Each structure stands twice: as structure tokens, then as C-alpha cells.
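Here's the letter readout for the chains.
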Amino acid sequence: MGRIFRLGDDVDTDQLAPGRYMRGGIEALAAHCLESVRPDFAPNARPGDIIVAGRNFGMGSSREQAAEALRHLGLAGVVAESFAGIFYRNAINLGLPVLTAPDLSAAEDGAEARLDPAGGRLVLAGEHSITLDPLPENLLPIIAAGGLVPFLKARFRREGAA
Amino acid sequence: MAMQTQTANTLAQKIIGRAAGRAVAVGEVVTARVDLAMIHDSGGPRRVAPILQELGVGLWDSERVVLISDHFVPGDTEEGARILQLTRAWAAETGVAFHDGQGICHVVLPERGHLVPGMLVVGGDSHSPTGGAFGAYMFGIGATEMAGVLATGEIWLRVPGTILIEWRGALGSGLMAKDIMLALCGRLGMDGGKYQAVEYTGDTIAALSMQERMTLANMAAELGGQVGLIAPDAVTARYLAAAGAAPGDWTGLTTDPGADLLEHHLFEAATLAPQVAAPHSPANAGNAADADAAVDIAYIGACTGAKHADLAAAARILRGRRLAPGVELLVAPASRRDQDRAAADGIMAVFEVAGAKILPNACGICAGYGAHRLSADTTCISSTARNFKGRMGDPTAQVWLGSPLTVAASAVAGRIVDPRDMLAEAA
């Protein structure tokens, strides 16, 4: 089980991967991830934890360190009402599960939970779970492979063998 | 469900359909051939080269890749110099078209004739929708996805619905594309584009110059659209001919009357007043006349706010005026070529006489780079696209966005003002 970190609408890429720590590489970015809006996040995030957010998560720049920082912290994924387009693509390509659901009000900050991307569920403590929108079918192989690079590696291996 | 033959298509559908090799319907996911990939020094070679190496493949087509250095230019830090060196070495090794230190990628790409209407283009930067001003379906992607494109020449995309944004009537004196954009960010919000195709249309848009149209397309990113399209016309064709690009046959590259639209918004230019966006979001838009803020720094920079048209607008205000005491004006022309034109026009001389500091043709502080990053507790009025907290420097810095006219007038007044009074005096 992980825990839920609740965030609001319009979490942006400068909050996720602050430009001023860009030179420090992914370690530094992850250590300062979200510090301007949620300073308790990076020091306390543990593998398996889940961000639950509102609308337009990941808006702003195309820097994929925004998704990479979350993956580096071991997050199980992000569940939001909606995602900004480039962040969504980047997360899929890096193998970070990102799922949407129209109503996430049952997911409370600090609550224990487990993300089940393949099953499309956010499992809460007790018997509860929130049903998430199914992932687009064409993206499943990329997520299953763990991201675009391992997916393409397998493809080139196949093509090379053919 | 049987798909009906569609007779009326959107511009987005037409471009994606050609790149996918078949007719496409809104909502379906297709794999498309990429006509051109643009990368820069920050997200480019230093990030894609290791991935290509890991994949064990080279570029799918080096003639369809353009590399432009703009983020770490002028390389005045050890790290920046190292990244630029790596960028140059990769350019030499791969033989891709390379524009080094010539300005910001979104301005340099069309300026050097790489874009033509109808292309499907990816860029390794979030302001890549700028290319939509030329009727190209151009959008931003991250470095890993770019490596995938460079390896395969393909990309998946969901055929978007079209959000048609129509502006009618003549844009009044003192108003620019940036005012239109900030008003749209305020009205529609930063997710109003829903990662669909935003398309600008109407006689207001048709009357705009190519560089002003680029400001609209660029900031489709701030609306959360995947692209910001403008159907090509004679203005586009003239620009492309001057840039040495062969525009080809662009007739028919429009959204057909009767095509299904996701949304259609209608605005009257006559109702628009100069806009500013308050810290820390472009969506915090309102009339410049209602803003009550003293400014320390005025910044005319970025792909969206320091093209030749932007520099010319600012100079209209600054000619014969001086900066308010204590205000610093920074000008970073968006491209070398635009700066050269502005120098020939006498515009750069106006900035010098006014006491502005001229910065390199690069992304600069808009992207949080360089020695002029905003320090703590400063207030800045900026012609850039984004005023997110901490983006341009210290998180306590307060950044307002406005048109180059508004930025220049505010630099003269020492506080944020509607530029129309000064323009009236100048006339």
C-alpha cells in the first residue's frame, strides 16, 4: 500500500521540475519536486505513493523531467481529473502510469491506497475502490513494456530478427 | 459502427489524414509519418543521443531533422558551454540542418524556410504549436518521444476535435496579438484547449501579419491545445516566398464549411482593451488600465514577444521617451535576423537611446536561463508567454504579462499602464 498526496488543479511543470534545479540532474529535481506548492511531498514520498490531483495536471513545458522526477521518487502513478497533453505523453513514454477519473472526492489526502493501472482502479483501504477511465488501447503495449524505450527496443529486436 | 464518408473535414483532419495515409475520423488514434522534427540544445542531442545509442539505431532521415541552439546560448556558464559543444559535435556527426546562436527555435525554423503548410511536424519544446501559424500541424513532445520519432519517423496521435476561435472586426490602435491571446487565456482558461486542435479564424486574424499570427499559434500552448492552427493564405505565401520556402499548393488547407466542430467561440475585436496577466498565470488576465503595480524590470523577449513586429511596436512607444527612474528595460530580440532588420530600421537605436540593455538572441530569462534571472521580490512586466511562479527566477518575483506596447509603456511610466495614451501622444 502507498499513500495519497492530494493536489489541486493546474499543477505545472515548473512546480514538478523547477528550472532552477535543472542543472542538478534528476536527483536534485526529485528532491525539490513540488516544493513550491507541497513542501512536505518530496521529503516524505515513498515508493508506491500516489498523487491524486484535479484538472490539467502537468501543464506547461515539455520537459519530461516533470514525469521523471515522480518516477524517480517511486510513485505508483498519478490519478487526476485531466492531464495536460504533453505531460500525459511523457509519462506514458517513461512508464509512469497516469489515469483519469471524473470524481476523485473519495480519495483523501494521507489515506492508504494502491494503484492498479491495468485493472483501472484506485484501491482504497477497506473494500473501497474508485473506478478509473480505461487507458487507451494503443498505449497499453508501451505501458506494459515499461515505457517507449523498452517498447522500441523490443520492436527493433523483432525487426532485426525478421 | 460503420463510418460514414465525411465530406466536410477540419484542417487538422486533412493534415493528419495525409500524414497517416488515409482519411481519419475525430477521436481515433492513428500512426502518422512525421515530415519534420525540430530539436534544440536543451532537450535535443544531450537527451536524445543516449537513447538512440541505447536503441542501437541512427536517425530515420537526417534531412528531416532541424537542430537549433537557443536555450544555453550564449554559453556563458561552464555547463552551458559544455552542452553547446556537445550540440555542435552531434550536428557535425549527423549532418542535420543546424542553426547555432541564430535565435529562438520557433522563430528561426520558419525564418529559414523549413516550414510549409500541410506538414506534420514535431518539436522538442512546448511552444512548438507556433508552426501552426503556417498551416503546419506542429506540436511539442518530450525528449524520449522525440528519440522515438528520430528512430522511426513515426508518431501516434489521437485525431483531435477542433475548437474554432473566430475574431471579427478590426483590431484597434494599441492592440496586438498578445492582447487577443491573454484575453483568450482569461476567458477559456489554461485547459480550455483540452489538448485538441485550436484553430484561429475570422477577419481580425486574416488582417494580422505572419509574426503576429505566430504569437497566437505559439500561445495555443497556454490554452492547453495540442496545436494552434491558422489556415494558410496570401500572407503566409508571401512570408514563405521571402524565407525561401516553396509553399506548394496550399489551396484546400482549410476547415470545410459544415465540418463538425468541438466548439466555436466568437469574439468581437471592438470589445478588446490592452490586456495584462497578473502573477502567476496567463489566465489571470484583465485590462491593463485596471492593473495597479509598480515595475522594476521590463522584459521584451522570447519567441512570443521579441520578434521584429514586437520590437517595432515597443519602439513606437520608446521613441523620444525615457525609462522611469529605477526601471531596467531588457530586450532580447527573438532572432539574429530580426535584430539585424530592427537595426536597419533604426529600431535598435531607439532601444539604445532609451537605455535598454540588449541581451543575446536566445530563450534567456523567459526559460529561467542567464545572468538576468529575476531576483527576489522584483516586479517584472514581460512580453513573454508564461508567468508561472519561479519560472523566470526567484519564486518571490512577481511577473505580469503584456504586449510589447504595454511593456514599453509600463517601462516609461514605472507602473503598469494601458499604452494607448502614450500612442495617442506619439501620433
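Asks: Please explain the overall build of chain B as it appears in this structure.
Replies: A count of helices and strands for chain B gives 14 helices and 18 strands. Expected size for 427 residues packed as a compact globule is a radius of gyration near 22 Å; at 21 Å, chain B falls within 12% of this value. When each of the 427 residues of chain B is scored for burial, the buried share is 65%. For chain B, restricting intrachain contacts to residue pairs at least 6 apart in sequence, the fraction spanning at least 24 positions comes to 76%. Surface summary for chain B: the accessible area is close to 14800 Å², and the carbon and sulfur share equals 50%. Averaging the positions of the 32 positive and the 43 negative side-chain charges in chain B gives two centres separated by 1 Å.

Asks: Looking at this structure, how should I read the overall build of chain A?
Replies: Helix and strand counts for chain A come out as seven helices and seven strands. In sequence order, chain A lays out its α and β elements as β-α-α-α-β-α-β-α-β-β-β-β-α-α. Here chain A has a C-alpha radius of gyration of 16 Å; the compact-globule value for 162 residues is 15 Å, and the two agree. Judged by the C-alpha coordinates and their principal axes, chain A covers about 50 × 45 × 25 Å.

Asks: Sorry if this is basic, but what is going on with unusual backbone geometry here?
Replies: Trans peptide bonds make up the majority, and among non-glycine residues the majority have a negative phi. Residue and element names in this part refer to chain B. A cis geometry characterises the amide bond from V73 onward to P74, with omega recorded as 15 degrees. Looking at the secondary structure, you find P74 in the loop between β3 (65-69) and α3 (78-94). The step from P279 to H280 runs through a cis peptide bond, and the omega angle for that step is 0 degrees. Looking at the element boundaries, H280 is found in the loop between β12 (275-277) and β13 (285-287). Not every positive phi belongs to a glycine, and Y195 is a case in point at roughly 55 degrees. Along the chain, the position of Y195 falls in the loop between α6 (177-188) and β9 (197-201). The residue D377 is not glycine, and still its phi comes out positive at about 65 degrees. Residue placement: D377 occurs in the loop between β16 (357-358) and β17 (379-382). Looking at D377, the relative accessible area reads 61%, which means it is exposed.

Asks: Before we go on, may I ask you to explain the environment of R82 of chain B in this structure?
Replies: All names here are of chain B. The residue R82 is located in helix α3 in this model. Exposure remark for R82: the relative accessible area of 48% places this residue in the partly exposed category. Once the C-alpha coordinates of R82 and E352 are considered, the two residues, 270 residues apart in sequence, prove to be 32 Å apart.

Asks: Whenever I open this one, the interface of chain A and chain B confuses me. Can you help?
Replies: Size of an interface: often given as the accessible area lost when the parts come together. Of the residues lining the interface, 30 residues belong to chain A; the matching set on chain B comes to 37 residues. Of the roughly 3000 Å² buried between chain A and chain B, counting both surfaces, carbon and sulfur atoms make up 55%. At the boundary of chain A with chain B, the tally comes to seven salt bridges. The residue E154 of chain B makes a salt bridge to R155 of chain A at a minimum N-O spacing of 3.6 Å.

Asks: What should I look at first to understand the pairing of strand β6 (residues 121-124) of chain A in this one?
Replies: Note on strand geometry: in a regular strand, side chains alternate between the two faces of the sheet. All names here are of chain A. Sheet topology places strand β5 (residues 112-116) next to β6; four bridges connect them, and they run antiparallel. Bridge pairing in β6 places D116 opposite R121. Count of turn residues in the β5/β6 antiparallel hairpin: four residues, of which G120 carries a positive phi of about 65 degrees. Strand direction decides the pairing type here: β6 and strand β7 (residues 129-131), joined by three bridges, are antiparallel. For R121, the partnering residue across the bridge sits in β7 and is T131. Hairpin connection from β6 to β7: four residues lie between these consecutive antiparallel strands, with G126 at a positive phi of about 80 degrees.

Asks: Quick question: what am I supposed to make of the sheet that holds β7 of chain A here?
Replies: Each strand in a sheet pairs with another by means of backbone hydrogen bonds, the pair being arranged parallel or else antiparallel. All names here are of chain A. Reading across the sheet, the seven strands line up as β4-β3-β2-β1-β5-β6-β7 and stay open at both edges, with mixed pairing between neighbours. The two strands at the open ends of the sheet, each matched to only one other strand, are β4 (98-100) and β7. The mean inter-strand angle of the sheet, taken between neighbouring strand axes irrespective of direction, is 30 degrees.

Asks: Could you clarify how one ought to interpret the nonpolar core in this entry?
Replies: As a rule of thumb, soluble globular proteins bury nonpolar side chains together. Ranked by internal contacts, the top residues of the largest apolar core, which has 93 residues, are F41, I51, F57, L70, F87 and L122 of chain A together with Y137 of chain B. Judged by nonpolar contacts, the second largest core, of 74 residues, contains M138, V331, M348 and A362 of chain B.

Asks: Please explain the state of the cysteines as it appears in this structure.
Replies: All names here are of chain B. Under the definition given, this model contains zero disulfides over all chains. The thiol sulfur of C105 is not disulfide-bonded, and the nearest other cysteine sulfur, from C363, lies at 6.2 Å. Judged by relative accessible area, C105 falls into the buried class, the value being 0%. C185 carries a free sulfur, and the closest cysteine sulfur to it, the one in C366, is 13 Å from it.

Asks: What exactly am I supposed to notice about helix α5 (residues 85-93) of chain A here?
Replies: Owing to its 3.6 residues per turn, the α-helix aligns residues three or four sequence positions apart on the same side. Here α5 of chain A lies mainly inside the structure; nine of its nine residues are buried. Where α5 of chain A ends, the next residue or the one after it, G95 of chain A, has phi of about 80 degrees, a positive value.

Asks: Hey, could you run me through the sheet that holds strand β4 (residues 97-100) of chain B in this one?
Replies: All names here are of chain B. The strand order β4-β3-β2-β5-β6 describes an open sheet built from five strands, whose pairing is parallel. The outermost strands of the open sheet, each flanked by one partner alone, are β4 and β6 (137-140). Shown here is a sheet whose adjacent strand axes are inclined to one another by a mean of 15 degrees, direction ignored. Bridging between strand β2 (residues 36-40) and β3 involves four bridges; their strand directions are parallel.

Asks: Please explain the packing of aromatic side chains as it appears in this structure.
Replies: Each aromatic ring pair is described using two quantities: the centre-to-centre distance and the angle formed by the ring planes. Residues and elements named next belong to chain A. One pass over the structure, following the stated rule, counts nine aromatic pairs over all chains. Seen in terms of ring centroids, F5 and F41 are 4.9 Å apart; in terms of plane orientation they differ by 85 degrees. Their pairing is edge-to-face. Of this pair, F5 sits in strand β1 (residues 2-6) while F41 sits in helix α3 (residues 41-44), placing them 36 residues apart in sequence. Accessibility classification places F5 together with F41 in one group, the buried group. Both rings, one in F57 and one in F83, keep their centres 6.0 Å apart while their planes meet at 80 degrees; by these two values the pair is edge-to-face. In this pair, F57 sits in the loop between β2 (50-53) and α4 (65-72) while F83 sits in the loop between β3 (77-80) and α5, placing the two residues 26 residues apart along the sequence. Overall, the relative accessible area of 0% leaves F57 in the buried class.

Asks: When you look at the environment of A97 of chain B in this model, what are you seeing that I'm missing?
Replies: Residue and element names in this part refer to chain B. Its place among the elements puts A97 in strand β4. Judged by relative accessible area, A97 falls into the partly exposed class, the value being 29%. Between the C-alpha atom of A97 and that of V65, which follows or precedes it by 32 residues, the distance is 6.7 Å. Once you skip the residues sitting within four places of it in the chain, A97 turns out to touch V65, V66, L67 and H114.

Calculation rules
Residues numbered from 1 in each chain as written. Chains lettered and ligands numbered in written order. Predicted model: local features only at pLDDT ≥ 70, side-chain atom pairs only at ≥ 80, totals over all residues. Heavy atoms only, no water. Helix = DSSP H or I, 4+ residues; strand = E, 2+ residues; numbered from the N terminus. Rg over C-alpha atoms; globule rule 2.2 N^0.38 Å. Buried < 20%, exposed > 50% of the residue type's maximum accessible area, 1.4 Å probe, protein only. Contact = heavy atoms within 4.5 Å. Areas by Shrake-Rupley, 256 points an atom, 1.4 Å probe, with all protein chains shown as cover. Lys, Arg positive; Asp, Glu negative; His and termini not counted. Charge placed at Lys NZ, Arg CZ, Asp CG, Glu CD. Buried area = accessible area lost by both parts, 1.4 Å probe. Salt bridge = Lys/Arg side-chain N within 4 Å of Asp/Glu carboxyl O. Pairing = 2+ DSSP bridges. Axes fitted to C-alpha atoms, helices over the stretch in contact; angles between N-to-C directions. Core = buried A, V, L, I, M, F, W, Y, C linked by side-chain atoms within 4.5 Å. Disulfide = S-S within 2.5 Å. Phe/Tyr/Trp six-rings, centres within 6.5 Å; stacked < 30°, edge-to-face > 60°.

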